[in-house]
2 protein chains.
Amino acid sequence: MKFSVTVTLKKDVLDPQGKVVQNTLINMGMKNLKGIRQGKHFEIDVDEIDQVSAEKKVDEICKKLLVNLIIEDYKINKI
Amino acid sequence: MKFSVTVTLKKDVLDPQGKVVQNTLINMGMKNLKGIRQGKHFEIDVDEIDQVSAEKKVDEICKKLLVNLIIEDYKINKI
């Protein structure tokens, strides 16, 4: 069972990496750009038949390793 | 108009970063884990009213800066 996890910085946390991308695009002549924020994306393949327990496992993986809950939010989707 | 862009390595490209995450999880005692692949995630806010031209702009941003088309795939979604 495959899940995608998207990890993004919380709204009020500064995102220097995204800012660099944004400035680069502006320097390249890109107009009408309001903002860019960067995050992480994971595709996790879990060997479970039951969707509920599989999702629980992915949630555990996020909380234990992938996400810093103080500054980041995350979303889990089945794919 | 906001778009999310997900950049992932193509299927046959090795993903050492994802492999490290996977090995770490196994060392932490996680079972039934088949695989993890890591990618990038961007949230792009474009100042356009027309959705078609906004998407075109985001696509241009991807091709010019965010994505290495030789080894990476990308997906654009409106949010």
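Structural data are supplied above this passage.
Since the model is a prediction, treat every value here as computed from it, not as a measurement.

Calculation rules
- Residues numbered from 1 in each chain as written.
- Chains lettered and ligands numbered in written order.
- Predicted model: local features only at pLDDT ≥ 70, side-chain atom pairs only at ≥ 80, totals over all residues.
- Heavy atoms only, no water.
- Helix = DSSP H or I, 4+ residues; strand = E, 2+ residues; numbered from the N terminus.
- Contact = heavy atoms within 4.5 Å.
- Buried area = accessible area lost by both parts, 1.4 Å probe.
- Salt bridge = Lys/Arg side-chain N within 4 Å of Asp/Glu carboxyl O.
- Polar contact = N/O pair within 3.5 Å; in protein donor to acceptor, adjacent residues only side chain to side chain.

With that settled, the discussion passes to unusual backbone geometry. The phi torsion at Asn32 of chain A lies on the positive side, around 60 degrees, for a residue other than glycine. Within the secondary structure, Asn32 of chain A is located in the loop between α1 (16-27) and β2 (33-46).

Next up on the list: the interface of chain A and chain B. Taken together, the contact pairs 31 residues of chain A with 31 residues of chain B. Contact between chain A and chain B buries roughly 2,800 Å² in total, counting both sides, with carbon and sulfur atoms accounting for 64%. Three residues, Asn32, Lys34 and His41 of chain A, lead the burial of chain A against chain B; their summed loss comes to 19% of the area buried on that side. Across the contact surface, chain A and chain B share 0 salt bridges. At the surface where chain A touches chain B, the tally comes to 13 residue pairs in polar contact (both at pLDDT 80 or more). If you list the elements that add at least two residues to the side of chain A that touches chain B, you get β1 (2-9), α1, β2 and α2 (51-66) of chain A.

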